[in-house]
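# Summary of structural features
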Protein chains: 2
Amino acid sequence: MTVHLVGAGPGDPELLTLKAVRLLGMADVVVHDRLAAPVLALVPETVTRIDVGKGGGPGAGSGHTQEAINRILVELGRLGLEVVRLKGGDPFVFGRGAEEVLALAEAGVPWTVVPGVSSAVGVPTAAGVPLTHRGVAASFTVVSATLAEGRHPDWEALARVGGTLVVLMGAGRRAGIATALLDAGMASATAVVAVSHGTLAEEVRVRTTLGQLGTAAVEAPATLVIGDAAAVVLPPVSPVRETART
Amino acid sequence: MTVHLVGAGPGDPELLTLKAVRLLGMADVVVHDRLAAPVLALVPETVTRIDVGKGGGPGAGSGHTQEAINRILVELGRLGLEVVRLKGGDPFVFGRGAEEVLALAEAGVPWTVVPGVSSAVGVPTAAGVPLTHRGVAASFTVVSATLAEGRHPDWEALARVGGTLVVLMGAGRRAGIATALLDAGMASATAVVAVSHGTLAEEVRVRTTLGQLGTAAVEAPATLVIGDAAAVVLPPVSPVRETART
């Protein structure tokens with residue numbers, strides 16, 4: 001009867017919410033992006049799964065088009081099924097979730113949205129990197145490195161804001177991002193922590209600086225945390241591989 | 001043996017993570033901020049509770065001082081107890097969690113941190129307000145209206161970034177914030193959604209504009225969402241009181 005847009009969190013299946021698990025238990029169908037296998041293991045075996053690839057995420061390009069995903073959700077909703085649309089992180093943070101809701105609303109299909117732990121916050125936090133810290137960072141800004149339509153953030157304005165900068169999907173474009181921020185006046189010594197495969201067993205953290213980011217070894221997918229708060233080096237929370245590069 | 005800093009999410013107890021619930025079930029002691037009653041209902045009755053008031057949150061001023069909270073956590077950890085430090089939202093977003101971790105690390109007390117659904121993301125998402133939207137908002141910035149030490153964000157730079165602006169604890173200072181953003185060049189017609197008591201049964205959403213924000217009726221605590229994404233009016237997700245003010 002209803003299509004529920006549900007955030008699946010950053011990767012660790014224990015970071016799903018109670019509400020996400022309850023809705024998965026009630027679902028007839030789950031429509032999911034490319035998600036970590038341990039998260040998909042929480043989908044009951046009796047539930048039909050439809051994998052729409054990466055189509056709905058910031059790395060769009062493979063998988064179904066967004067228009068095709070919208071159509072699938074509308075058609076499943078019209079069949080009177082209980083549908084969970086499971087999206088990595090939070091459904092309304094770079095997930096094109098609002099477009100899916102607008103399509104459902106236009107078609108008259110009932111919908112709800114359930115927040116999830118956004119990778120933008122959850123990955124740094126789980127890695128021991130605070131996004132705000134008294135006297136160090138009083139704000140944080142989240143951008144995606146892989147913006148559609150060739151749009152770019154105003155890096156100069158971002159540099160001036162002075163808080164922590166979180167760049168999602170930033171591994172592949174880290175050299176260009178570093179150059180843009182350096183050109184915008186950020187110091188070469190600005191601390192950077194790159195977290196690859198955040199919250200999963202294969203998590204890797206690389207500590208570096210803005211000046212060295214372009215040549216640092218960073219595996220995709222990665223979340224980049226840039227700013228003085230990234231220098232607040234907290235001891236490793238769990239035994240993960242950590243590489244210091246300065 | 002360990003002090004776990006655990007995010008409790010924005011208010012709805014179903015937005016706790018599986019990991020938070022598991023750790024609460026194993027805890028000897030829970031040290032908590034002022035949290036919604038339904039969240040505290042998830043703490044097993046056999047667990048000792050220590051209420052440290054608002055001391056650890058962005059609205060610091062009543063309750064224990066941060067230094068007192070740090071001491072309590074260190075002493076409980078040294079007693080060999082399993083401690084959950086339950087914090088609203090995410091522990092490292094305006095929660096002074098990093099200060100608590102630094103105190104624990106300095107004292108040699110083992111600690112972990114568990115991300116939660118941050119109010120900065122979860123409250124807008126649950127209210128149907130997307131923080132990013134294709135062609136409308138390609139980034140979002142989170143600030144707290146109640147900054148310690150009289151520090152203020154660079155509103156002019158924030159206005160230039162052009163993404164969505166999320167202001168936490170913003171109800172009381174909304175007039176000053178609106179004036180600062182208007183002075184920084186933001187348009188008076190810029191859309192604003194103010195969500196009070198987000199994700200709880202008593203949630204109230206007020207739709208207004210930057211020009212009208214100062215005189216709009218907004219109950220504390222509130223999350224303000226400012227920018228063109230706030231104009232992407234999605235239908236109400238759940239039956240809450242909604243007031244349109246333009």
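As shown above, the structure is provided for reference.
The sections below set out a description of the structure shown in this document. (Residues numbered from 1 in each chain as written. Chains lettered and ligands numbered in written order. Predicted model: local features only at pLDDT ≥ 70, side-chain atom pairs only at ≥ 80, totals over all residues. Heavy atoms only, no water.)

### Focus: the overall build of chain A
Helix and strand content of chain A: seven helices and 11 strands. Per-residue burial over chain A gives 61% buried out of 246 residues. Within chain A, counting contacts between residues at least 6 apart in sequence, those at least 24 apart form 68% of the total. (Helix = DSSP H or I, 4+ residues; strand = E, 2+ residues; numbered from the N terminus. Buried < 20%, exposed > 50% of the residue type's maximum accessible area, 1.4 Å probe, protein only. Contact = heavy atoms within 4.5 Å.)

### Points about unusual backbone geometry
Residue and element names in this part refer to chain A. Pro221 follows Ala220 through a cis peptide bond whose omega is -5 degrees. Within the fold, Pro221 resides in the loop between strand 9 (204–209) and strand 10 (222–226). The phi torsion at Phe94 lies on the positive side, around 50 degrees, for a residue other than glycine. Note that Phe94 resides in the loop between strand 4 (83–87) and helix 4 (97–106). A relative accessible area of 9% places Phe94 in the buried class.

### Remarks on the relation of the copies chain A and chain B
With an axial shift of 0.0 Å and an RMSD of 0.0 Å, the rotation relating chain A to chain B amounts to 180 degrees. As the rotation angle and translation indicate, the two copies are arranged about a two-fold axis. A share of 100% of interface residues in chain A that are also interface residues in chain B marks the association as one of identical surfaces. (Least-squares fit on C-alpha atoms with pLDDT ≥ 70 in both.)

### Here's the deal with the interface of chain A and chain B
Taken together, the contacts link 64 residues of chain A with 64 residues of chain B. Contact between chain A and chain B buries roughly 5300 Å² in total, counting both sides, with carbon and sulfur atoms accounting for 66%. On the chain A side of the contact with chain B, Glu14(A), Leu18(A) and Arg134(A) bury the most area, a combined 13% of that side's loss. At the boundary of chain A and chain B, one finds six salt bridges. Where Lys19(B) meets Asp12(A), a salt bridge forms, and the shortest distance between an N and an O atom there is 4.0 Å. (Buried area = accessible area lost by both parts, 1.4 Å probe. Salt bridge = Lys/Arg side-chain N within 4 Å of Asp/Glu carboxyl O.)

### Here we look at the nonpolar core
The nonpolar side chains of a soluble globular protein tend to be buried, and buried together. The biggest cluster of nonpolar side chains holds 53 residues, and the ones touching the most others in it are Ile226(A) and Ile226(B). Residues in contact with Ile226(B), not counting those within four places in the same chain, are Gly163(B), Thr164(B), Leu165(B), Val167(B), Leu181(B), Met186(B), Thr190(B), Ala191(B), Val192(B) and Leu210(B). In terms of nonpolar packing, the next biggest core, distinct from the first, is built from 34 residues, Leu168(A), Val193(A), Ala230(A) and Ala230(B) among them. (Core = buried A, V, L, I, M, F, W, Y, C linked by side-chain atoms within 4.5 Å.)

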